[in-house]
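Next come the chains, spelled out residue by residue.
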Amino acid sequence: MSLELHHHAVVADAHNDLLIAVTARPPKRWAAFFRERWLPQLREGGVDLQVLPVFIGDAYRPEGALRQTLRMIECAHTIAEGNQDSVRLCLDGDDIDAAHAAGRIALVLALESAPGVDASVELFPTLFRLGVRVASLAHWSRTPLADGSGEDATGSRLTGAGVEALEIMESLGMLYDVSHLGASGVAHVLELATRPVMATHSSARALRDHHRNLTDDQLRGIAATGGTVCVNFFPEFVAKDPAEQTVDRLADHFLHVLDVVGPDHVGIGADFIEEVDHDTLPRCCEEEIPEGFRLSLPGLSGPRGLPLVTEALLTRGVPEDVVRKVLGGNVLELFRKELGRAK
């Protein structure tokens, strides 16, 4: 029953860093590498809608951040153009519906932290024209727009440029992503937002006290905007004890968020680190991962494991209609209403 439900439901993953892995290849290989390495996993996992974040590593910051941002955006377009029978880069809800009607996976571009923009917020409309539809303004540390959750001790809110960025994004129909944003920044966004915001990959702080997770008040605040909280699968955010880093504990996070915000505001933000690292790290560097530190939950190293989430939720008694919403119905509905809709 779980496999049947999973493959008949719309499955949306709000965070998969696969562009990092694809752009590590020569540009002439981008489309083919995606087809060979990632498309089969997405198909096996039943993914119908995949958000593709543009994440810029430290090696490119600050001087090369904008260049690498544009390079990764170009990669997404190249993937779509080279795999037109299988995927479509989507700009709004109509595009997503058309992709699904044609049996293709809908791809949506996002920015993670936006170091290529920094305080030059006038570039957000440029990036919107290039297809970006979701953006966050910080990662772990401080940016000219906001502080990441690793800087929570500063108590910093959005900067003036960060406030302007939020206004520009809302005017364009670009969704604001609060994942990675510091606690005071999240509060500031929730004070100012006039359109729905989302957390593309964040779990419940009540179950795992980590600064990357969201408190119950933050969860309620996001839901109150009409937004969606997409639960993160990264083991360190699911549980501190490696023995508890399991699919069942992940289900606890889903159930907790459902209990706090209700069935219409929960989704999936998998954040599959292990598969991306496998495609990018030299073999020698894999040995540097600390003993006992996990990059994935058992069975969830990549998209093909997503049916395990459906099985876990059904086993825990979540009704089928709610499971469908969590798997992708809520994210799809949010994107239909908000993506590319000018204010």
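Residues numbered from 1 in each chain as written. Predicted model: local features only at pLDDT ≥ 70, side-chain atom pairs only at ≥ 80, totals over all residues. Heavy atoms only, no water.

Undergrad: Which residues make up the side chain of Arg 195, and what values do they have?
TA: Assignment of secondary structure puts Arg 195 in the loop between α8 (183-192) and β7 (197-198). A residue is classified by how much of its surface remains accessible, and Arg 195, at 14% relative accessible area, is buried. Within polar-contact distance, the side chain of Arg 195 engages the backbone oxygen of Arg 341 at 2.7 Å. (Helix = DSSP H or I, 4+ residues; strand = E, 2+ residues; numbered from the N terminus. Buried < 20%, exposed > 50% of the residue type's maximum accessible area, 1.4 Å probe, protein only. Polar contact = N/O pair within 3.5 Å; in protein donor to acceptor, adjacent residues only side chain to side chain.)

Undergrad: Account for the nonpolar core, with residues named and values stated.
TA: Nonpolar side chains in soluble globular proteins tend to end up buried together. Leu 19, Phe 124, Tyr 176, Leu 181, Phe 233, Leu 250 and Phe 254 are the most contacted members of the largest nonpolar core, which totals 91 residues. The element best represented in this core is helix α11 (residues 247-261), accounting for eight residues. Sequence-distant contacts of Tyr 176, that is, excluding residues within four places in its chain, are made with Ala 135, Leu 137, Leu 158, Leu 166, Met 169, Leu 181, Val 189, Val 197 and Met 198. Ranked by size, the runner-up nonpolar core spans 19 residues in total, among them Cys 90, Ile 96, Ala 106 and Leu 332. (Core = buried A, V, L, I, M, F, W, Y, C linked by side-chain atoms within 4.5 Å. Contact = heavy atoms within 4.5 Å.)

Undergrad: Which residues make up a nonpolar patch on the surface, and what are the values?
TA: Side chains of Leu 66, Leu 70 and Leu 130 sit close together on the surface and give an oily, nonpolar patch of about 220 Å² of accessible area. As for its position among the elements, Leu 70 is in helix α4 (residues 65-82). Looking at Leu 70, the relative accessible area reads 40%, which means it is partly exposed. (Patch = residues over 30% accessible without salt bridge, like charges linked within 9 Å, V, L, I, M, F, W, Y side chains within 5 Å. Areas by Shrake-Rupley, 256 points an atom, 1.4 Å probe, with all protein chains shown as cover. Salt bridge = Lys/Arg side-chain N within 4 Å of Asp/Glu carboxyl O.)

Undergrad: Quick rundown of helix α5 (residues 93-101)? Include the residues and the values.
TA: Regarding α5, the residues found buried are Gly 93, Asp 95, Ile 96 and Ala 99. All buried residues of α5 project into a common sector of 160° when viewed along the axis, lining one side. In this structure, the buried residues of α5 make contact with β2 (47-55), β3 (87-89), β4 (105-112) and α15 (320-338). Its side-chain oxygen at 3.2 Å from the backbone nitrogen of Asp 94, Asp 92 defines the N-terminal cap of α5. Phi turns positive, to about 75°, at Gly 103, one or two residues after α5. (Arc of directions from axis to C-beta.)

Undergrad: I'd like a description of the pairing of β4, backed by residues and values.
TA: Where a strand is regular, its side chains alternate between the two sheet faces. Of all eight residues making up β4, eight are buried, and the element is well covered by its neighbours. Where burial is concerned, the two faces of β4 agree: the one with Ile 105, Leu 107, Leu 109 and Leu 111 and the one with Ala 106, Val 108, Ala 110 and Glu 112 are both buried. When β2 meets β4, the two strands line up parallel, connected through seven bridges. The residue bridging Pro 53 from the neighbouring strand is Ala 110, located in β4. (Pairing = 2+ DSSP bridges.)

Undergrad: Explain unusual backbone geometry residue by residue, including any values.
TA: Residue His 180 is not a glycine yet carries a positive backbone phi of 80°. Topologically, His 180 is positioned in the loop between β6 (175-177) and α8.

Undergrad: So, the packing of α11 against helix α14 (residues 307-315): which residues are in play, and what are the values?
TA: Packing of α11 against α14 brings their axes to within 9 Å, and their N-to-C directions diverge by 65°. Looking at the two axes, α11 sits roughly perpendicular to α14. When the axes of α11 and α14 are compared, the crossing they make is right-handed. Two secondary-structure elements touch here, α11 through Val 247, Leu 250, Ala 251, Phe 254 and Leu 255 and α14 through Leu 308, Val 309, Ala 312 and Leu 313. For the contact of α11 with α14, a count of residues per class yields nine nonpolar, no polar and no charged. (Axes fitted to C-alpha atoms, helices over the stretch in contact; angles between N-to-C directions. Parallel < 35°, antiparallel > 145°, perpendicular 65-115°, else oblique. Left-handed = near helix turned anticlockwise from the far one by under 90°. Nonpolar A, V, L, I, M, F, W, Y, C, P; charged D, E, K, R; others polar.)

Undergrad: Mind laying out helix α12 (residues 273-280), listing which residues take part and the relevant values?
TA: Taken residue by residue, α12 has Glu 275, Val 276 and Asp 279 as its buried positions. Around the axis of α12, the buried residues are gathered within 100° of arc, so they sit on the same side. At its buried positions, α12 is contacted by α2 (18-23) and α3 (30-44).

Undergrad: I'd like a description of the pattern of salt bridges, backed by residues and values.
TA: Any two side chains of opposite charge can pair, given that their charged atoms come close. Tallied over the entire structure, the rule returns 18 salt bridges. In this structure, the salt-bridge partner of Arg 88 is Asp 95, at a minimum N-O distance of 2.9 Å. Note that Glu 191 is salt-bridged to Arg 157, the shortest N-O span being 3.0 Å. Of this pair, Glu 191 sits in helix α8 while Arg 157 sits in the loop between β5 (132-135) and α7 (160-172), and the two are 34 residues apart along the sequence. For Arg 157, a relative accessible area of 36% translates into the label partly exposed. Three or more residues are tied together by salt bridges with common partners; here these are Asp 248, Arg 249, Asp 252 and Arg 316.

Undergrad: Give me the lowdown on the packing of aromatic side chains, citing residues and values where you can.
TA: Counted according to the given criterion, the structure contains three aromatic pairs. Centre to centre, the rings of Phe 233 and Phe 272 are 5.9 Å apart; their planes meet at 85°, and the pair counts as edge-to-face. Placement of Phe 233 in the loop between β8 (229-231) and α10 (235-238) and of Phe 272 in the loop between β9 (266-268) and α12 is noted, with a sequence separation of 39 residues between them. Grouping residues by exposure puts Phe 233 and Phe 272 together as buried. Of note, Arg 25 hangs over the ring of Phe 33, and the distance from its end group to the ring centre comes to 4.3 Å. (Phe/Tyr/Trp six-rings, centres within 6.5 Å; stacked < 30°, edge-to-face > 60°. Lys NZ or Arg CZ within 6 Å of the ring centre and 35° of its normal.)

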